[in-house]
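# Breakdown of the fold
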Amino acid sequence: MARHSRPMVSTFMWTTAKTKCRAQDRGVTYLLFSIVLSTLILSGTAFSAQLDEARVHADHGLQLARSGDLQGAENELRQAIKLEPRNPEFLSTLGTLLAMGKKLDESSTLFRKALQLAPQDSTSRRYLAANLWQLHRYPEAKQELQTLLRQHPNDAAARLLLGMVSENSGDYSTAAKMLSSVPDEVSKQPESVAALARSYYQLHERERARTTLSVLSEQAAGQGVLLGAQIADQAEDFETAQKLLESVSSSDTDFAIVQYRLALVEYHAKRFAESQSRLQRLIDSGHETSQAYNLLGWSYQQQANLKAAAESFERAIALAPADESNYLDLGRILLAHGSLRIALDVAKRAAIQFPNSVAMFDFKGRTESRMLQFTDAIRSYKRATQLDPSNADATLGMARAQASAGLNADAASTLDTALNRFPKDARFQVEYALMLIKQAETGDAVARTRAEKMLRSALAIAPTNQQALYELGNLELNDGRVTEASRHLEQVVKLAPLSSQAHFALARAYRRLKRVEDAQKEMDLYNRSKEADSRDGGAASHNDEAKN
């Protein structure tokens with residue numbers, strides 16, 4: 001039976017989709033290729049005078065694909081491959097159809113089989129790389145593209161895809177090199193322009209990033225400009241982000257989106273009053289959205305206007321009662337300001353509204369613990385861990401609540417389980433050590449030894465864990481190992497220069513070492529830190545993050 005090396009599938013049309021990301025994260029937006037079949041064309045020689053059954057199935061499959069019946073086409077191609085399993089053209093064509101249906105793993109397997117039979121088939125290799133990219137298997141995608149570029153160094157599509165894959169995997173140097181080498185291809189897709197600009201920002205080449213993003217405003221493509229502004233905002237290039245947004249033509253469709261994005265840029269630039277004013281104007285103009293009220297709440301919070309912030313979040317909740325983030329944001333702000341009773345009311349309301357929310361029950365447990373309602377907190381944390389046993393924060397919260405309630409055996413059981421489940425999370429060793437230190441205060445020497453072992457184990461995992469360093473330094477100081485204690489406490493004050501307790505402990509260590517001047521300096525720092533704590537009212541640090 002004749003074999004043909006020319007592929008039956010002619011082209012892919014590439015489109016992109018971006019995943020949602022929040023502002024607290026490091027600000028990175030990942031882009032994926034969704035492979036879409038645009039045209040299936042018979043090659044000039046693929047079916048000439050071929051009447052055997054396999055090729056009849058393949059021919060019919062291609063006809064069905066052109067008519068839009070992809071499932072029928074898939075069935076026909078499977079029949080063709082069953083009859084002629086070593087035909088790379090059939091394998092590649094079915095791989096293409098499966099990629100359209102998001103059956104990417106099987107599609108990739110077929111492309112690999114096709115390439116084993118026809119290693120020089122650049123089209124199949126390119127499509128395989130696109131599959132692997134969409135599957136987030138970046139190293140494999142890179143390997144296929146590098147092989148392709150060794151065969152065809154000037155393959156523009158492969159260079160573009162390698163640039164996108166490299167940007168996704170954090171290899172910004174390669175991303176910039178590849179994407180900048182195919183400017184015509186990059187300019188066709190706003191997402192590619194954004195990827196090149198993001199790579200330049202990561203390489204600290206701000207002017208090149210700005211020049212790249214200027215292409216988007218010249219194209220006058222609204223969504224592309226919004227994406228470019230987001231990239232600049234994430235890179236803290238607020239001036240460029242604002243210019244891009246202001247370049248969007250004002251239309252009824254874009255107005256609210258653009259104004260919100262401008263307010264978000266102002267918020268990130270710490271121009272909170274400007275952000276507040278813009279949002280208020282937007283709302284007053286009739287564009288009331290939960291998103292706008294949420295950001296307005298954060299803007300008020302940053303200006304220490306708790307009442308207005310709470311009212312804004314309540315309005316956000318009323319407009320979008322199914323969005324639990326508004327409840328959480330309101331609760332966190334109330335908790336940060338010490339409004340515990342109101343925060344607990346919000347948590348209880350939210351727990352009824354979202355009975356299967358891990359984040360909500362974790363927050364409820366934290367609020368109850370702050371209010372010393374440890375029995376209730378244990379119940380809340382238990383619910384959170386039932387919903388998600390892999391949630392380390394809820395597990396840690398439950399252990400702390402159990403220990404605070406005097407249920408040491410329960411806390412120890414929770415922590416023992418957690419040490420096995422979360423071996424890389426040093427917080428559990430620290431929490432276990434704190435419980436053992438309390439036991440050691442009653443004269444339990446074994447608990448004292450275990451506590452120090454736990455703290456050293458925590459530092460082996462996380463050498464800069466401030467609490468572990470502080471507690472170990474205190475233990476050493478109380479044991480008379482003053483030199484070791486001062487070394488650990490010095491690390492703490494470097495990591496947390498505003499920690500009053502660390503300065504006080506280090507002052508004690510210096511006095512014992514006869515370092516009088518150093519001890520006095522630490523006492524002065526201790527007093528200043530205490531005064532700052534008093535001015536802040538002991539409130540927890542405010543969360544200054546906002547939703548994208």
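The preceding data block contains the structure.
Here's what I pulled together on the structure shown here. (Residues numbered from 1 in each chain as written. Predicted model: local features only at pLDDT ≥ 70, side-chain atom pairs only at ≥ 80, totals over all residues. Heavy atoms only, no water.)

## Details of helix α20 (residues 358-370)
How we decide: Where helices and strands are cited, they refer to DSSP runs of H or I of at least four residues and of E of at least two residues respectively, numbered from the N terminus. Between the first and last residue of a helix there are one fewer steps than residues, each counted as 1.5 Å, and that sum is the expected span. Under the scheme applied here, a residue whose accessible area is under 20% of the maximum for its type counts as buried, over 50% as exposed, and between as partly exposed, the area being computed with a 1.4 Å probe on protein chains only. Whether two residues touch is decided by their heavy atoms; if any such pair falls within 4.5 Å, the residues are in contact.
With 13 residues, α20 extends 18 Å from end C-alpha to end C-alpha; this agrees with the ideal 18 Å at 1.5 Å per step. Burial analysis of α20 places 10 of its 13 residues in the buried class, which makes it a mostly covered element. Within the span of α20, buried status applies to Val358, Met360, Phe361, Asp362, Phe363, Lys364, Gly365, Thr367, Glu368 and Ser369. Packed against the buried residues of α20 are α18 (324-336), α19 (340-353), α21 (374-387) and α22 (392-404). Once α20 ends, the next one or two residues include Leu372, with phi positive near 65°.

## With respect to the packing of helix α16 (residues 290-302) against α18
We apply this condition: Axes, fitted as lines to C-alpha atoms, cover a helix only where it is in contact. Angles between the N-to-C directions of the axes lie from 0 to 180 degrees. Roughly parallel covers angles under 35 degrees, roughly antiparallel covers those over 145, roughly perpendicular covers 65 to 115, and oblique covers all other angles. In the scheme used here, Gly and all other residues not listed as nonpolar or charged are polar, with Ala, Val, Leu, Ile, Met, Phe, Trp, Tyr, Cys and Pro taken as nonpolar and Asp, Glu, Lys and Arg as charged.
In contact at an axis separation of 11 Å, α16 and α18 are set at 10° when each is read in the N-to-C sense. With respect to their mutual orientation, α16 and α18 come out roughly parallel. Between α16, through Ser290, Asn294, Gly297, Trp298 and Gln301, and α18, the contact on the second element is made entirely by Asn326, Asp329 and Ile333. In terms of residue class, the contact of α16 with α18 is made up of 2 nonpolar, 5 polar and 1 charged.

## Here we look at the packing of helix α24 (residues 426-440) against helix α26 (residues 466-478)
Worth spelling out the cut-off: A clockwise turn of the near helix away from the far one marks a right-handed crossing, whereas an anticlockwise turn of less than a right angle marks a left-handed crossing.
In contact at an axis separation of 10 Å, α24 and α26 are set at 30° when each is read in the N-to-C sense. By the criterion of interaxial angle, the relationship of α24 to α26 is roughly parallel. For the pair α24 and α26, the crossing hand works out as left-handed. Residues Val430, Leu434 and Ile437 of α24 form the contact with α26, whose participating residues are Gln467, Ala468, Glu471 and Leu475.

## A look at the packing of aromatic side chains
Quick reminder of the rule: Any two of the Phe, Tyr and Trp rings considered here, Trp counted by its six-membered ring, make a pair once their centres fall within 6.5 Å; the pair's planes then place it as stacked at under 30 degrees, edge-to-face at over 60, or tilted in between.
Following the criterion strictly, the structure yields 6 aromatic pairs and no others. A ring pair is formed by Trp298 and Phe313, whose centres lie 5.7 Å apart and whose planes are at 85°; its orientation type is edge-to-face. A residue pair is termed long-range when its members are at least 10 positions apart, and Trp298 in helix α16 and Phe313 in helix α17 (residues 306-319) qualify at 15 residues. Both residues of the pair, Trp298 and Phe313, count as buried. Between Phe422 and Phe428, the aromatic rings sit 5.3 Å apart at their centres with planes inclined by 10°, giving stacked as the arrangement.

## A short note on unusual backbone geometry
Although it is not a glycine, His136 sits at a positive phi angle of roughly 65°. Mapped onto the secondary structure, His136 falls in the loop between α5 (122-134) and α6 (138-151). What makes His136 partly exposed here is its relative accessible area of 43%.

## Remarks on the pattern of salt bridges
Let me state the cut-off plainly: Here, a salt bridge means any side-chain nitrogen of Lys or Arg that lies within 4 Å of a carboxyl oxygen of Asp or Glu.
One pass over the full model with this rule turns up 41 salt bridges. Between Glu274 and Arg271 there is a salt bridge, and its shortest N-O distance comes to 3.2 Å. Look at Arg271 and you get partly exposed, because its relative accessible area is 25%. Salt bridges linked by common partners bring Asp105, Arg112, Arg125, Arg137, Glu140 and Glu144 together as one network.

## Side note on α24
Its 15 residues place the ends of α24 21 Å apart at the C-alpha level, agreeing with the 21 Å of an ideal helix rising 1.5 Å per residue. For α24, a buried count of 12 out of 15 residues is recorded, marking the element as mostly surrounded by other parts of the structure. Taken together, the buried positions of α24 are occupied by Ala426, Phe428, Gln429, Val430, Glu431, Tyr432, Ala433, Leu434, Met435, Leu436, Ile437 and Ala440. Buried residues along α24 sit against α22, α23 (408-421), α25 (445-461) and α26.

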